[in-house]
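Observations on the three-dimensional arrangement
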Amino acid sequence: MNRTSRDAPGRGVRILGLILTVVAGIPFVFCAWIALSSRLGLGSVDPHGYGLIFGTFLALVAGIFLAMVVPLMFPTARRGSAYVGSLIGYVVVAAALIISLITA
């Protein structure tokens with residue numbers, strides 16, 4: 001058995017992980033941008049706060065999915081530490097979004 005046939009299943013998971021990361025990352029970044037720009041912008045940008053409320057909620061949902069699929073891009077040996085780093089990053093961003101929602 002040569003090396004390329006042995007690495008083929010791992011390569012497929014990594015490609016799928018990359019595709020899912022892009023698919024989940026675009027809505028996450030968009031919703032987080034809406035929430036944070038609503039919080040940090042002038043009152044005329046989002047006078048009722050719906051962008052902040054719904055942007056925060058949708059960013060948290062998309063973010064947890066993103067935190068689960070990002071480590072699939074890494075080799076199997078490094079995937080465990082990638083999950084830890086991904087979840088720590090999610091907790092930091094989620095805390096910032098929730099703090100910005102609560103302090104508005």
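Residues numbered from 1 in each chain as written. Predicted model: local features only at pLDDT ≥ 70, side-chain atom pairs only at ≥ 80, totals over all residues. Heavy atoms only, no water.

**Observations regarding the nonpolar core**
Soluble globular proteins tend to pack their nonpolar side chains together in the buried interior. Basically, it comes down to this: Here, nonpolar core means buried Ala, Val, Leu, Ile, Met, Phe, Trp, Tyr and Cys residues that are tied together by side-chain atoms lying within 4.5 Å of each other. The rule is simple: take the accessible area with a 1.4 Å probe, protein chains only, and divide by the maximum for that residue type; under 20% is buried, over 50% is exposed, in between is partly exposed. Helix and strand assignments follow DSSP, with helices taken as H or I runs no shorter than four residues and strands as E runs no shorter than two, numbered in order from the N terminus. By definition, residues are in contact when any of their heavy atoms lie within 4.5 Å.
By size, the foremost hydrophobic cluster in this structure holds 16 residues, and its most contacted members are F28, A59, L60, L66, Y90 and L97. Among the elements of the structure, α1 (3–40), α2 (50–69) and α3 (79–102) are those that each provide at least two residues to this core. Broken down by element, this core gets its largest block of residues, 7 residues, from α2. Here A59 is in contact with F28, C31, A32 and L97, once residues within four sequence places are set aside.

**Quick word on the packing of aromatic side chains**
Stated precisely, the cut-off is as follows: Pairing of aromatic rings covers Phe, Tyr and the six-membered ring of Trp, with a centre-to-centre limit of 6.5 Å; geometry is then stacked below 30 degrees between planes, edge-to-face above 60, and tilted otherwise.
Inspection of the entire model under this criterion finds 1 aromatic pair. Look at Y50 and F54: their rings are 6.2 Å apart centre to centre, the planes differ by 25°, and that puts the pair in the stacked class. Within this pair, Y50 and its partner F54 are both found in helix α2, separated by 4 residues, close to a single helical turn.

**What about the side chain of T21?**
Inspection of the secondary structure assignment puts T21 in helix α1. The exposure class assigned to T21 is buried, which follows from its relative accessible area of 14%. Excluding residues that lie within four positions of it along the chain, T21 makes contacts with L66, V69, V70 and M73.

**Thoughts on the confidence of the model for the chain**
Stated formally: Confidence of the prediction at every residue is given by pLDDT, a number between 0 and 100.
On average, the chain scores 87 in pLDDT, and the residues at 70 or more come to 88%. Looking across the chain, the model is least confident in α1, with a mean pLDDT of 84, and most confident in α3, with 94.

**Topic: a nonpolar patch on the surface**
Going by this rule: Patches were defined on residues exceeding 30% relative accessible area and lacking a salt bridge, with like-charge contacts within 9 Å and nonpolar side-chain contacts (Val, Leu, Ile, Met, Phe, Trp, Tyr) within 5 Å. Computed by Shrake-Rupley with a 1.4 Å probe, the accessible areas treat only the displayed protein chains as cover when residues are assessed. Each salt bridge in this description consists of a side-chain nitrogen of Lys or Arg and a carboxyl oxygen of Asp or Glu lying within 4 Å of one another.
Taken together, the side chains of Y50, I53, F54, F57, L58, V61, I98, L101 and I102 define a hydrophobic patch exposed on the protein surface, amounting to about 890 Å² of accessible area. Those elements that provide at least two residues to the nonpolar patch are α2 and α3. Counting residues per element, the nonpolar patch draws most heavily on α2, which supplies 6 residues. With respect to the secondary-structure elements, L58 resides in helix α2. Take L58: its relative accessible area is 43%, and that puts it in the partly exposed class.

**Some remarks on the packing of α2 against α3**
Our working rule: All axes here are fitted lines through C-alpha atoms, helices being fitted over the stretch that makes contact, and every angle between N-to-C directions spans 0 to 180 degrees. Angles are sorted into four bins: roughly parallel if under 35 degrees, roughly antiparallel if over 145, roughly perpendicular if 65 to 115, and oblique for all others. Side-chain classes are defined by residue name, with Ala, Val, Leu, Ile, Met, Phe, Trp, Tyr, Cys and Pro counting as nonpolar, Asp, Glu, Lys and Arg as charged, and the others, Gly among them, as polar.
Their axes nearest at 9 Å, the elements α2 and α3 cross at an angle of 175°. Between α2 and α3, the angle is such that the two are roughly antiparallel. Across the interface between the two elements, L52, I53, T56, A59, L60, G63, I64, L66, A67 and M68 from α2 touch Y83, S86, L87, Y90, A94, L97, I98, S100 and L101 from α3. Partitioned by chemical class, the residues of the contact of α2 with α3 number 15 nonpolar, 4 polar and no charged.

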